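# Analysis of the macromolecular model
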Amino acid sequence: MKTTGILLLIIGLGLTLFTAVNFFTKEKIVDIGSVEITRDKPNYFSWSPVVGLVVMGLGGVILLKGSSKRN
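Residues numbered from 1 in each chain as written. Predicted model: local features only at pLDDT ≥ 70, side-chain atom pairs only at ≥ 80, totals over all residues. Heavy atoms only, no water.

Mapping valine 61 onto the fold places it in helix α2 (residues 49-70). Note on valine 61: relative accessible area 46%, which makes it partly exposed. Linking valine 61 and glycine 33, residues 28 residues apart in sequence, is a C-alpha distance of 59 Å. (Helix = DSSP H or I, 4+ residues; strand = E, 2+ residues; numbered from the N terminus. Buried < 20%, exposed > 50% of the residue type's maximum accessible area, 1.4 Å probe, protein only.)

Quick look at the structure:
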C-alpha cells in the first residue's frame, strides 16, 4: 500500500505540472500507385491541473491509511 500511495503522489505531481501532451500522427493525403503523400497531423490532449491534485490527494489517503493499519 505504501508503494501505491507514493506512486500515486508522483503521478499526481506529474499531472499537475504537465497539463498537456502534444503528439503527431501520419495522415495519408494522396495514394496513387507507388506515389504516397502523407503529412504529420498534430494532436493535442490536455487536462485540468485539478486532476493531478485529486490523484495526489488519493495517493496521500492511501499512504496514510496503509501506514495506520500496520501500527
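Turning next to the pattern of salt bridges. Under the counting rule described, the total for this entry stands at four salt bridges. Among the ionic pairs, lysine 26 bridges to aspartate 40, the shortest N-O distance being 3.2 Å. Residue lysine 26 is found in strand β1 (residues 20-32), and its partner aspartate 40 is found in strand β2 (residues 35-46); the two are separated by 14 residues along the sequence. By relative accessible area, lysine 26 is classed as exposed at 64%. Overall, aspartate 40 belongs to the partly exposed group, its relative accessible area being 44%. Note that glutamate 27 and arginine 39 form a salt bridge whose closest N and O atoms lie 2.9 Å from each other. (Salt bridge = Lys/Arg side-chain N within 4 Å of Asp/Glu carboxyl O.)

Attention shifts here to the confidence of the model for the protein. Here the protein averages 90 in pLDDT, and 96% of its residues register 70 or above. Considering each helix and strand of the protein separately, the mean pLDDT is smallest for α2, with a value of 88, and largest for β2, with 94. (pLDDT = per-residue confidence, 0-100.)

Turning our attention to the pairing of β1. Examined bridge by bridge, β1 and β2 share twelve bridges and lie antiparallel to one another. Bridge assignment links lysine 26 to a residue of β2, and that residue is aspartate 40. If you look at the hairpin formed by β1 and β2, you'll find two residues sitting between the two strands, and glycine 33 has a positive phi there, around 60°. (Pairing = 2+ DSSP bridges.)

Right, let's talk about a nonpolar patch on the surface for a bit. On the surface, Ile29, Ile32, Val35 and Ile37 cluster together into a nonpolar patch covering about 370 Å² of accessible area. Locating isoleucine 37 in the fold gives a position in strand β2. Isoleucine 37 gets classed as partly exposed once you look at its relative accessible area, which sits at 42%. (Patch = residues over 30% accessible without salt bridge, like charges linked within 9 Å, V, L, I, M, F, W, Y side chains within 5 Å. Areas by Shrake-Rupley, 256 points an atom, 1.4 Å probe, with all protein chains shown as cover.)

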